[in-house]
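Listed below are the residues making up each chain.
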Amino acid sequence: PSYTIQAHNNCIFDVASHENSILSASADKSVRKWDAQTLTHIDTFIGHKGSVKTVVPFHYSPFRFISAGRDGNVFIWDSRHPTNSSDNNS
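Here's a quick rundown of the structure.

**Digging into the environment of Ser 17**
Within the secondary structure layout, Ser 17 lies in strand E1 (residues 12-18). Using a relative accessible area of 58% as the deciding quantity, one classes Ser 17 as exposed. Sequence separation between Ser 17 and Ala 36 is 19 residues; the distance between their C-alpha atoms is 7.9 Å. Sequence-distant contacts of Ser 17, defined by excluding residues within four places in its chain, comprise Ile 22 and Pro 57.

Following this line, the structure appears as structure tokens:
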């Protein structure tokens with residue numbers, strides 16, 4: 001590989017790229033957002049009570065994405081207002 005990101009502490013089920021970011025969905029119950037150019041961690045989105053199985057960006061908005069998990073929930077996120085997200089130190 002050209003680059004490696006140690007993205008999560010559990011398996012990753014889905015990855016998506018959108019605009020200048022990379023999104024990853026994991027069994028650790030989170031979605032993480034990365035800067036696609038610098039590969040630095042931007043934010044961690046927490047809210048699912050089970051593994052996050054998929055993440056899909058909104059193609060009309062660089063800020064919004066959808067996650068779905070084993071908890072049966074579909075979340076619509078807006079990264080400008082990261083409710084239930086951790087700060088960028090995670």
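**Here's the deal with the pattern of salt bridges**
Summed over the entire model, instances satisfying the criterion amount to 2 salt bridges. Residue Asp 78 pairs with Arg 64 through a salt bridge whose shortest N-O separation is 3.9 Å. One end of the pair, Asp 78, is in strand E7 (residues 74-78); the other, Arg 64, is in strand E6 (residues 64-69), with 14 residues separating them in the sequence. According to the relative accessible area criterion, Asp 78 is buried, its value standing at 14%. Classification of Arg 64 as partly exposed rests on a relative accessible area of 30%. Each of Arg 64, Asp 78 and Arg 80 takes part in a single network of salt bridges with overlapping partners.

**What about the side chain of Ser 67?**
Along the polypeptide, Ser 67 turns up in strand E6. Note on Ser 67: relative accessible area 1%, which makes it buried. Polar contacts involving the side chain of Ser 67 include one to the side chain of Trp 77, which spans 2.8 Å.

**Comments concerning the packing of aromatic side chains**
Under the definition given, this model contains 5 aromatic pairs. Where Phe 58 meets Tyr 60, the ring centres are 5.1 Å apart and the plane angle is 85°; that geometry is what we call edge-to-face. We classify Tyr 60 as exposed; its relative accessible area is 61%. Ring geometry for Phe 75 and Trp 77: centres 5.6 Å apart, planes at 80°, overall edge-to-face. Among the aromatic residues, those joined into a ring-pair cluster are Phe 45, Phe 65, Phe 75 and Trp 77. Over the aromatic face of Phe 13 sits the side chain of Lys 53, whose NZ or CZ is 3.5 Å from the ring centroid. Over the aromatic face of Phe 58 sits the side chain of Arg 64, whose NZ or CZ is 5.7 Å from the ring centroid.

Calculation criteria
Residue numbers here run from 1 along each chain, matching the order of that chain's written sequence. pLDDT decides what is reported in this predicted model: residues at 70 or higher carry local features, side-chain atom pairs at 80 or more are listed and counted, and totals for whole chains, interfaces and linings draw on all residues regardless. Here the side-chain values reflect all heavy atoms present in the structure, with hydrogen atoms and water set aside. By the criteria applied, helices consist of DSSP H or I runs no shorter than four residues and strands consist of E runs no shorter than two, each listed in order from the N terminus. Between buried and exposed lies partly exposed: a residue is buried under 20% and exposed over 50% of the maximum accessible area for its type, with that area taken using a 1.4 Å probe on protein chains only. Note on definitions: a residue-residue contact is assigned when non-hydrogen atoms from the two residues lie within 4.5 Å. For this document, the term salt bridge refers to a Lys or Arg side-chain nitrogen within 4 Å of an Asp or Glu carboxyl oxygen. Distance and chemistry together define a polar contact, namely a pair of N or O atoms within 3.5 Å, with one atom able to donate a hydrogen and the other to accept it when in protein, and with adjacent residues in sequence counting only for side-chain atoms on both sides. Stacked, edge-to-face and tilted are the three classes for Phe, Tyr and Trp ring pairs, Trp counted by its six-membered ring, which pair at centre distances within 6.5 Å; planes under 30 degrees apart are stacked, over 60 edge-to-face, the rest tilted. By definition here, charges over rings are those cases where NZ of Lys or CZ of Arg is within 6 Å of the ring centre and within 35 degrees of the ring normal.

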